[in-house]
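Spelled out, the chains give:
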Amino acid sequence: MDISTRQSGTATIVDIVGDITLYNSPQVRKVLLDLLKDKKSPRVIVNLEKVRYIDSAGVASLVEGLKVSRDMKSTFAMFGLSRTAREVLELTRLIKVFEVYDNEADALRGGSTNVAPAR
Amino acid sequence: MSSPPKPNLTPTKPSSNAAISVRNLRVKYGEREILHGINFEVPEGETMVILGGSGSGKSTLLRTLVGLEKPSSGEIWIQGKDFASIPDAERDELRKKMGMSFQGGALFGSMTVGENVALPLQEHTQLDDSTIEIMVRLKLDQVGLSGFENYMPAQLSGGMKKRAAIARALAMDPATLFFDEPSAGLDPIIAAGIDELILKLKKAFRMTIVVVTHELASAFLIADRMIVLDKGVIVADDTAQNLQKSTQPRVRQFLDRVPEPELTGEIDYLQMLTGDTPPQRQ
């Protein structure tokens, strides 16, 4: 799995390529918490377009990201969920908890949540 | 002693979609052979139920599949690797992707439910405690035990203990889940709840599931395929639907719950008592 960040206006986009699993999710967690806690990014958007699968450790890392964003009064969103990733979030009943968008432009615009159809 | 029955299915090459492929598996306890050359495959994402009466070898088969017993010969292919012959380190890695729910639950009584579920994650991963805490809550939610993480196993009912054990088996997101008599000792309503949970897990996570049971109603509800074991050999391997129509005498006897016939004749009885030639029932 590869993870990188880039800036778009005030938002920081986290691009992830590859599956998020038990073994690499600490890396995702570290990047998210670093952006939210240390760099105090006002809006973090996770790009999941190139993530095929997220296991429960990956989901837990995203949940931590969301929790910290709320603690820090920033916002946390994601876009580009694969069908499998979406199913995992639906099964864990988190799809309505996260701010989910279909694509990057929508995520940057913000506003409407959980409207993205499965890819 | 009579010679053990010969295996009735010939070995085949594992299919490309087989999550588990068992070939010519033989297991002995000392000199006594329990499994006499077992062959079957479990396609990925399907639920295989292993049916059989007491002493049929079904629990030995399950214990061998998860690596708790060593085969005397044969192959067990799991996720494309021969589980029986790979080096220990590789087998341990493979085992992390296998979840096992034991008959009695096997929860650690001195640990809370949450600590029981967290244990495999603490032992086998580098995850932070905060991540593990969230995962434990996710797993407990999946088995309908939200909010029970601080309970001790002794404070749970039989059905809840089973659910907690399933949550622990799910901790590492296994690709394959094994159940030993999941509804044994539970009342029918609680047992139905466990069946429903197994169906949900299969559908939700597309897991390959292997269940050992002798509960017929449960077996037909959850199974895609079934094998019937009798005296250490497979007497039937078919879809659940086809198996119900089976005319194989031992399968019919099991499905129709026909008791074993009484031994007839003084010679049979004497031979049974003296162990000379144990009577073979058909």
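All values reported here derive from a predicted model rather than from experimental measurement.

Rules behind the numbers
Residues numbered from 1 in each chain as written. Chains lettered and ligands numbered in written order. Predicted model: local features only at pLDDT ≥ 70, side-chain atom pairs only at ≥ 80, totals over all residues. Helix = DSSP H or I, 4+ residues; strand = E, 2+ residues; numbered from the N terminus. Rg over C-alpha atoms; globule rule 2.2 N^0.38 Å. Buried ≥ 20, exposed ≤ 12 C-beta atoms within 10 Å, placed from the backbone. Contact = placed C-beta atoms within 7 Å. Pairing = 2+ DSSP bridges. Nonpolar A, V, L, I, M, F, W, Y, C, P; charged D, E, K, R; others polar. Core = buried A, V, L, I, M, F, W, Y, C linked by C-beta atoms within 7 Å. Axes fitted to C-alpha atoms, helices over the stretch in contact; angles between N-to-C directions. pLDDT = per-residue confidence, 0-100. Parallel < 35°, antiparallel > 145°, perpendicular 65-115°, else oblique. Left-handed = near helix turned anticlockwise from the far one by under 90°.

> Mind showing me how you'd approach the overall build of chain A here?
Along its length, chain A carries 4 helices and 5 strands. The order of α-helices and β-strands along chain A, N terminus first, is β-β-α-β-α-β-α-β-α. The C-alpha atoms of chain A give a radius of gyration of 13 Å, which matches the 14 Å a tight globule of 119 residues would have. Its C-alpha atoms give chain A principal-axis dimensions of roughly 30 × 30 × 25 Å. Going through the 119 residues of chain A one by one, you find that 40% of them count as buried.

> What is the right way to look at the overall build of chain B in this model?
Broken down by element type, chain B carries 10 helices and 10 strands. The proportion of buried residues among the 282 residues of chain B is 43%. By sequence separation, contacts in chain B at least 24 residues apart represent 64% of the contacts at least 6 residues apart.

> For this particular structure, what's the right way to read the sheet that holds strand E2 (residues 32-43) of chain B?
Strand pairing in a sheet relies on backbone hydrogen bonds. The paired strands run either parallel or antiparallel. Residue and element names in this part refer to chain B. Pairing within the open sheet is antiparallel, and its 4 strands lie in the order E2-E1-E4-E5. Both outer strands of the open sheet, E2 and strand E5 (81-82), are each paired with one neighbouring strand and no more. In terms of strand pairing, strand E1 (residues 18-29) meets strand E4 (residues 73-78) through 5 bridges, oriented antiparallel. In the strand pairing of E4, Arg26 is matched with Ser73.

> Help me understand helix H3 (residues 113-124) of chain B, please; the structure alone is not making it clear to me.
In an α-helix, one turn spans 3.6 residues; hence positions three or four apart end up facing the same way. Within H3(B), the full set of buried residues consists of Val113(B), Gly114(B), Asn116(B), Val117(B), Ala118(B) and Leu121(B). The secondary structure elements touched by the buried residues of H3(B) are helix H4 (129-142) and helix H5 (158-170) of chain B.

> How do you make sense of the interface of chain A and chain B when you look at a structure like this?
One frequent convention defines the size of an interface as the accessible area lost when the parts assemble. Listed as interface residues are 14 residues of chain A and, on the opposing side, 12 residues of chain B. Of all elements in the fold, only helix H1 (25-38) and helix H2 (56-71) of chain A reach the threshold of two or more residues within the side of chain A that touches chain B. Per-class residue counts for the side of chain A that touches chain B are 7 nonpolar, 4 polar and 3 charged.

> Got a minute to help me understand the nonpolar core in this structure?
One broad trend across soluble globular proteins is that nonpolar side chains are buried collectively. Core analysis: the largest hydrophobic core is formed by 109 residues, its most contacted members being Ile50(B), Val210(B) and Val228(B). Leaving out residues up to four positions away in the same chain, Val228(B) has contacts with Leu51(B), Gly52(B), Ile234(B), Val235(B), Ala236(B), Val251(B) and Phe254(B).

> What should I look at first to understand the sheet that holds strand E7 (residues 176-180) of chain B in this one?
All names here are of chain B. Taken together, the 6 strands give an open sheet; going across it, the order is E6-E7-E8-E3-E9-E10, and neighbouring strands pair in mixed fashion. Of all strands in the sheet, those with a lone pairing partner are strand E6 (98-101) and strand E10 (233-239), marking the two edges. Neighbour to neighbour, the strand axes of the sheet diverge by 15° on average, direction disregarded. As paired strands, E7 and strand E8 (residues 208-213) are joined by 5 bridges and run parallel to one another. Across the sheet, Asp180 pairs through a bridge with Val212, a residue of E8. Contacts between helix H1 (residues 58-65) and the sheet are confined to strand E3 (47-52), E7, E8 and strand E9 (225-230), with E8 contributing the most and set at about 150° to the helix.

> Would you explain the confidence of the model for chain A in this entry?
Residue and element names in this part refer to chain A. Of the residues in chain A, 92% have a pLDDT of 70 or more, and the chain-wide mean is 90. No element of chain A has a lower mean pLDDT than helix H3 (residues 83-91), which averages 86, and none a higher one than strand E2 (residues 11-17), which averages 97. Between residues 115-119, whose pLDDT stays under 50, and residues either more than four places distant or in other chains, the model counts 12 contacts.

> When you look at the packing of H3(B) against H5(B) in this model, what are you seeing that I'm missing?
Relative orientation and spacing of two packed helices are given, respectively, by the angle between their axes and the distance between those axes. Residues and elements named next belong to chain B. Close contact between H3 and H5 brings their axes to 7 Å; oriented N to C, the two are set at 25°. Classified by the angle their axes make, H3 and H5 are roughly parallel. Relative to H5, H3 is oriented so that their crossing is right-handed. Of the residues in H5, those touching H3 at Val113, Asn116, Val117 and Pro120 are Ala164, Ala167 and Arg168. Per-class residue counts for the contact of H3 with H5 are 5 nonpolar, 1 polar and 1 charged.

> Help me understand the confidence of the model for chain B, please; the structure alone is not making it clear to me.
Detailed reading of the predicted coordinates is not advisable wherever pLDDT is low. All names here are of chain B. The predicted model of chain B has a mean per-residue pLDDT of 85, with 90% of residues at 70 or higher. Confidence scores differ between elements of chain B, with helix H10 (residues 266-274) showing the lowest mean pLDDT of 74 and E2 the highest of 94. Scoring the predicted complex yields pTM 0.80 and, for the interface, ipTM 0.86.

> Where do I start with unusual backbone geometry in this structure?
Leaving glycine aside, a negative phi is the common case for residues, and trans is the common case for peptide bonds. Not every positive phi belongs to a glycine, and Lys40(A) is a case in point at roughly 50°. Position of Lys40(A) among the secondary structure elements: in the loop between H1 and strand E3 (43-50). Its identity is not glycine, yet Asp173(B) carries a phi of approximately 50°, on the positive side. Note that Asp173(B) resides in the loop between H5 and E7. C-beta crowding within 10 Å serves as the criterion here: with 21 such atoms nearby, Asp173(B) is assigned to the buried category.

> I keep staring at the pairing of E10(B) and nothing clicks. Help me out?
As a general feature of sheets, a regular strand has side chains that alternate between the two faces. Residues and elements named next belong to chain B. Relative to E10, E9 runs antiparallel, the two sharing 6 bridges. Along E10, the bridge assignment pairs Asp230 with Val233. Counting the residues between successive antiparallel strands, the hairpin from E9 to E10 contains 2 residues, one of them, Lys231, with a positive phi of roughly 50°.

> What's the story with the environment of Asp129(B) in this structure? I'm lost.
Residues and elements named next belong to chain B. Its place among the elements puts Asp129 in helix H4. According to the C-beta neighbour criterion, Asp129 is exposed, with 10 such atoms within 10 Å. Remark: the alpha-carbon pair of Asp129 and Ala118, spanning 11 residues in sequence, is separated by 9.1 Å.

> Any chance you could explain the environment of Ser101(B) here in plain terms?
Residue and element names in this part refer to chain B. Take Ser101: it is sitting in strand E6. Residue Ser101 is classed as buried on the basis of its C-beta count, with 24 C-beta atoms lying within 10 Å. Along the sequence, Ser101 and Leu170 sit 69 residues apart, while their C-alpha atoms lie 9.1 Å from each other. Ignoring sequence-local partners within four residues, the contact set of Ser101 consists of Ala165, Ile166, Ala169, Phe179, Asp180 and Pro182.

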